[in-house]
Amino acid sequence: MKRVNYCVGCILLMFTQVAIATENAAPQVEAARRSLPRDVLLQYHDDNGTVQTAKSIAQWQRRRDEVIAAMQSVMGTLPVEDAPREAPSYQVIEEVDCGSYVRRQITYQSEPHCETPAYLCIPKTRLSGNTRGPAALCLHPTDNQIGHGVVVGLGGKANRQYAMELAERGFVTLSPSYPLLANYQPDLHAGGWQSGTLKAVWDNLRGIDLLQSLPCVDGQQIAAIGHSLGGHNSVYTAVFDQRIKAVVSSCGLDSYLDYCEGNPAKWLPEQGWTQTRYIPRLREYRGRLEEIPFDFHEMIAALAPRAVMIIAPTGDSNFRADSVDRIATAARPVYQLYGKADQLQVRHPNCGHDFPDEMRELAYHFLETSLRNQENKKSID
């Protein structure tokens, strides 16, 4: 195995997990209460705690800060950085020639004692490092057999090979494994993580650190794409990391209120969203879902003004398409505040919980166009 390390003393610069292991790292769930409506997103609290209506981006940012705090009050708190992060070291376990690109099976050091499995695909035209271009974090759907292998075309359900197809289109793609699925079984408790969701977000953030260190990647052209589990994983990650400039979420979300028609059985411990690999503390809101202090209305708005496409099939049995419409309707005034209403797009293919060819092609074009516009803006600036 080849060991690649883009940083010196990387482990010493990584901040301790003790900060997130303590109960004082985040407010108790019982202290977290919804204080503003999920569907009136221009409301915020001023310095006196009075509810106001945002008329400027700076005022909206106050509401966004509340959204981030609410998420962490339930998910747990991300580590606080005392120093700039350096790229994680990584090992190349296997390299495969895939025609127009090479696929590397790797592990990267997401924490001092945790190696995250991933696939790194690099177009051959970019291997020399002389040309920089876009990269995509390709987050996989639920698969407890091959996990992240499904997105690079190694089996599993059809229509999930978006990391492979984006690599064929010229993207560098990184596909990390999701915690507690397939061959990736980190000890969340030992690491101080209060949810698998936040651990996944952290792994993804470290993955972006890795991508930005590669000489073939333009660090200003980073996208995230995912289906189902990968769909909401992409959204969660992009809320916390604004280096992600474009997001595609396929079959990945609806309002917590609408999930499985609000069936209380789905909010028992280790059911639905309350599973250890997701957000266990959400079980505390069983029977009072309206009190969950954050929802996808707020998280999608928190992505503004970045490019976001939500693919919500009309026949999806996991997440309701009409709920997605309500989420987008609530979030759109925030995009309008930025003058970027067209940056939030919703598509409703006539299919079930799937990511069919037509939608993947639409998603790839969306990412290419959005990142190209980002590159053009950078050139103008």
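What this report covers is the structure whose coordinates are included nearby.

Calculation notes
- Residues numbered from 1 in each chain as written.
- Predicted model: local features only at pLDDT ≥ 70, side-chain atom pairs only at ≥ 80, totals over all residues.
- Heavy atoms only, no water.
- Axes fitted to C-alpha atoms, helices over the stretch in contact; angles between N-to-C directions.
- Helix = DSSP H or I, 4+ residues; strand = E, 2+ residues; numbered from the N terminus.
- Parallel < 35°, antiparallel > 145°, perpendicular 65-115°, else oblique.
- Left-handed = near helix turned anticlockwise from the far one by under 90°.
- Contact = heavy atoms within 4.5 Å.
- Buried < 20%, exposed > 50% of the residue type's maximum accessible area, 1.4 Å probe, protein only.
- Pairing = 2+ DSSP bridges.
- Right-handed = clockwise from strand over helix to strand, strands pointing away.
- Core = buried A, V, L, I, M, F, W, Y, C linked by side-chain atoms within 4.5 Å.
- Nonpolar A, V, L, I, M, F, W, Y, C, P; charged D, E, K, R; others polar.
- Lys, Arg positive; Asp, Glu negative; His and termini not counted.
- Salt bridge = Lys/Arg side-chain N within 4 Å of Asp/Glu carboxyl O.
- Phe/Tyr/Trp six-rings, centres within 6.5 Å; stacked < 30°, edge-to-face > 60°.
- Expected span 1.5 Å × (residues − 1).
- Bend = angle between axes of the 7 residues up to and from the residue.

1. Overview of the packing of helix α6 (residues 196-213) against helix α7 (residues 229-240)
Between α6 and α7, the shortest axis-to-axis distance is 9 Å and the interhelical angle comes to 65°. It follows from the interaxial angle that α6 and α7 lie roughly perpendicular. For the pair α6 and α7, the crossing hand works out as right-handed. Facing Thr197, Leu198, Ala200, Val201, Asn204 and Leu205 of α6, the residues of α7 in contact are Asn233, Tyr236, Thr237 and Phe240.

2. Thoughts on the pairing of strand β7 (residues 133-139)
Here β7 lies mainly inside the structure; seven of its seven residues are buried. Looking at chain direction, β7 and strand β9 (residues 217-227) are connected through six bridges and run parallel. Bridging from a neighbouring strand, Leu139 pairs with Gly226 of β9. Pairing of β7 with strand β8 (residues 172-176), which is carried by three bridges, proceeds in the parallel orientation. Looking at β8, one finds that Ala135 is bridged to Val172. For the crossover that starts at β7, traverses helix α4 (residues 162-168) and ends in the parallel β8, the hand is right-handed.

3. Quick word on the nonpolar core
Counting 79 residues, the largest nonpolar core has Tyr236, Tyr256 and Ile300 as its most contacted members. The contact partners of Ile300, leaving out residues within four places of it in the chain, are Val235, Leu253, Ile310, Ile327, Ala331, Tyr335 and Leu344. If you look at the next biggest cluster of nonpolar residues, it comprises 27 residues, including Ile225, Ala307, Met359 and Leu371.

4. What to know about the packing of helix α3 (residues 57-75) against α7
Helix packing geometry: the angle between the two helix axes and the distance between the axes. It is the contact of α3 with α7, at a shortest axis distance of 11 Å, that shows an interaxial angle of 125°. With respect to α7, the element α3 is oriented oblique. Pair α3 / α7 crosses with left-handed handedness. Across the interface between the two elements, Arg64, Ile68, Met71, Gln72 and Met75 of α3 pack against Tyr236, Val239 and Phe240 of α7. Residues of the contact of α3 with α7, tallied by class, amount to six nonpolar, one polar and one charged.

5. Quick word on the side chain of Arg126
By secondary structure assignment, the location of Arg126 is in the loop between β6 (114-123) and β7. Asp218 provides the closest opposite charge to the buried, unpaired Arg126, separated from it by 8.3 Å. Discounting residues that sit within four places of it in the chain, Arg126 has contacts with Thr131, Arg132, Gly133, Pro134, Gly170, Phe171, Val172, Cys216 and Val217.

6. Quick notes on the packing of aromatic side chains
Scanning the entire structure with this criterion turns up 15 aromatic pairs. Ring centres of Tyr256 and Phe294 lie 5.6 Å apart, and the angle between their planes is 90°; on these two criteria the pair is classed as edge-to-face. Linking Tyr256 in the loop between β10 (244-250) and α8 (296-302) with Phe294 in the loop between β10 and α8, this pair joins segments that are 38 residues apart in sequence. Ring centres of Trp273 and Phe296 lie 6.1 Å apart, and the angle between their planes is 40°; this geometry places the pair in the tilted category. Here Phe296 lies in helix α8 and Trp273 lies in the loop between β10 and α8, a separation of 23 residues in the sequence. Residue classification places Trp273 among the buried positions, given a relative accessible area of 3%.

7. Some thoughts on the environment of Asp143
Position of Asp143 relative to the elements: it lies in the loop between β7 and α4. Its relative accessible area of 13% is what places Asp143 among the buried residues. If near-sequence neighbours (up to four positions away) are discounted, Asp143 is found in contact with Val150, Gly156, Leu181 and Ala182.

8. Some remarks on α3
Between its terminal C-alpha atoms α3 stretches 26 Å, which fits the 27 Å expected from 19 residues at 1.5 Å a residue. Trp60, Arg63, Arg64, Val67, Ile68, Ala70, Met71, Gln72, Ser73, Val74 and Met75 are the residues of α3 that are buried. Close packing links the buried residues of α3 with β2 (43-45), α6, α7, α8 and α9 (321-337). Count one or two residues on from α3 and you reach Gly76, which has phi positive near 105°.

9. So, α9
Between its first and last C-alpha, α9 extends 25 Å over 17 residues, near the 24 Å set by a 1.5 Å rise per residue. By the largest-angle criterion, Ala331 marks the main kink of α9, which is about 35°, and a proline, Pro333, follows within four residues. Here α9 has its buried residues at Ala321, Ser323, Val324, Ile327, Ala328, Ala330, Ala331, Val334 and Tyr335. Buried residues in α9 make contact with α3, α8, β11 (307-311) and β12 (344-347). Phi turns positive, to about 75°, at Gly339, one or two residues after α9.

These figures come from the coordinates and say nothing about function on their own.
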